[in-house]
Amino acid sequence: MKGFKLGRYVIPILLFLSHFILQYATAFFGGVNQLYADIVRGIGLVVWINLAILFLKQENHLQIFRLQKVRCRYLLATLLGFFFLYASVTLIAPFLVQFKAVVNQGFHELMRAALYSSHLWGFILLFEMTILVPIFEEIVCRGVIQQTYFKDSPFYFDVLISSIIFATGHFIGGVFYPLLFVLYCIRGIIYGFLCRYTNSIYYGIILHIVWNIFASWEYWNRWIDNIVFILKLHFS
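The structure displayed is predicted, hence computed values, not measured ones.

Chemist: Looking at this structure, I do not really get helix α8 (residues 178-198). What am I missing?
Modeler: Here α8 spans 30 Å end to end across 21 residues, near enough to the 30 Å set by a 1.5 Å rise per residue. Downstream of α8 by one or two residues, N199 has phi in the positive range, about 55°.

Spelled out as structure tokens, the structure:
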């Protein structure tokens, strides 16, 4: 893999696209049992995450995985990253009302169906969306892609390219919205800058996970309430 230079630049894109190929492949199982589809997709994400780490190892880019001393300025940068994420959504959200009402309708219906039909399905879906997917996206976009294309560019082309690819991925198989594309690019730039500034993948992963949990807290809260209610009934 290392000796084939073309492969060094093609494999990162294939790793990125693998997530979406996996989505389409598991859609077949969704027609039979959505729970099984989500389980297969979760397993697939774990496999692709490990393949991405293997690629980084062969390309000698594992320095971003090294455990380092926690520094206050890195924590502050992570906190500022969350603030900028929130600010970008707050500024752009008023213009995305139609998008939320139409495009995200299927997602909300799927989450409601999962939470009301099976607590296990609801947890798996939430776990994938808020834990596995952020880990996959950070390792592939900020790890594989950002460490491969224009690495440490003085003009931050590495951050820009990874952000554009990150944003593009959210529209594969869906409707393209320019304003939403800009929003995802902003998110990618925040994650990418954080990875480059800290020279660590972990701060970006933590920020991405925290943000996804924050953005989907309505569903996490509903799932927790359901579990608490069941436990109360069981022990009362």
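Let us keep going from here.
Chemist: I keep staring at the nonpolar core and nothing clicks. Help me out?
Modeler: Nonpolar side chains in soluble globular proteins tend to be buried together. Counting 45 residues, the largest nonpolar core has F16 and I139 as the members making the most contacts within it. Taken together, the elements giving at least two residues each to this core come down to α1 (5-30), α2 (34-58), α3 (72-92), α6 (119-148), α7 (157-169), α8 and α9 (202-215). The contact partners of F16, leaving out residues within four places of it in the chain, are F136, V140, C141, I145, I165, F166 and G169. Ranked by size, the runner-up nonpolar core spans 11 residues in total, among them M111, A114, I124 and L125.

Chemist: Could you clarify how one ought to interpret the packing of aromatic side chains in this entry?
Modeler: The relation between two aromatic rings is expressed through the spacing of the ring centres and the mutual angle of the planes. All chains considered together, the criterion is met by 21 aromatic pairs. For the pair F123 and W223, a centre-to-centre distance of 5.2 Å together with 35° between the ring planes defines the contact as tilted. Linking F123 in helix α6 with W223 in helix α10 (residues 217-235), this pair joins segments that are 100 residues apart in sequence. According to the relative accessible area criterion, F123 is partly exposed, its value standing at 31%. For W223, a relative accessible area of 17% corresponds to the buried category. Considering the side-chain rings of F171 and Y184, the 5.9 Å spacing of their centres and the 80° angle between planes classify their relative orientation as edge-to-face. In this pair, F171 sits in the loop between α7 and α8 while Y184 sits in helix α8, placing the two residues 13 residues apart along the sequence.

Chemist: What exactly am I supposed to notice about the packing of α6 against α7 here?
Modeler: Working note: a packed helix pair is described by the angle between its axes plus the distance between those axes. Running from N to C, α6 and α7 cross one another at 140°; their axes reach a closest spacing of 9 Å. Classed by the angle they form, the pair α6 and α7 counts as oblique. Where α6 crosses over α7, the two elements pack in a sense that is right-handed. For the pair α6 and α7, the contacting residues are E137, C141, R142, I145 and Q146 in the first and D158, V159, I161, S162, I165 and F166 in the second.

Chemist: Even after reading the chapter, I still don't get the side chain of E128, so can you show me in this structure?
Modeler: By secondary structure assignment, the location of E128 is in helix α6. Residue E128 is classed as buried on the basis of its relative accessible area of 4%. Among the polar contacts made by the side chain of E128, one reaches the main-chain amide nitrogen of G42 at a distance of 3.1 Å. The residues touching E128, leaving out its near neighbours within four places in the chain, are D38, I39, R41, G42, V133 and P134.

What counts, and at which threshold
Residues numbered from 1 in each chain as written. Predicted model: local features only at pLDDT ≥ 70, side-chain atom pairs only at ≥ 80, totals over all residues. Heavy atoms only, no water. Helix = DSSP H or I, 4+ residues; strand = E, 2+ residues; numbered from the N terminus. Expected span 1.5 Å × (residues − 1). Core = buried A, V, L, I, M, F, W, Y, C linked by side-chain atoms within 4.5 Å. Buried < 20%, exposed > 50% of the residue type's maximum accessible area, 1.4 Å probe, protein only. Contact = heavy atoms within 4.5 Å. Phe/Tyr/Trp six-rings, centres within 6.5 Å; stacked < 30°, edge-to-face > 60°. Axes fitted to C-alpha atoms, helices over the stretch in contact; angles between N-to-C directions. Parallel < 35°, antiparallel > 145°, perpendicular 65-115°, else oblique. Left-handed = near helix turned anticlockwise from the far one by under 90°. Polar contact = N/O pair within 3.5 Å; in protein donor to acceptor, adjacent residues only side chain to side chain.

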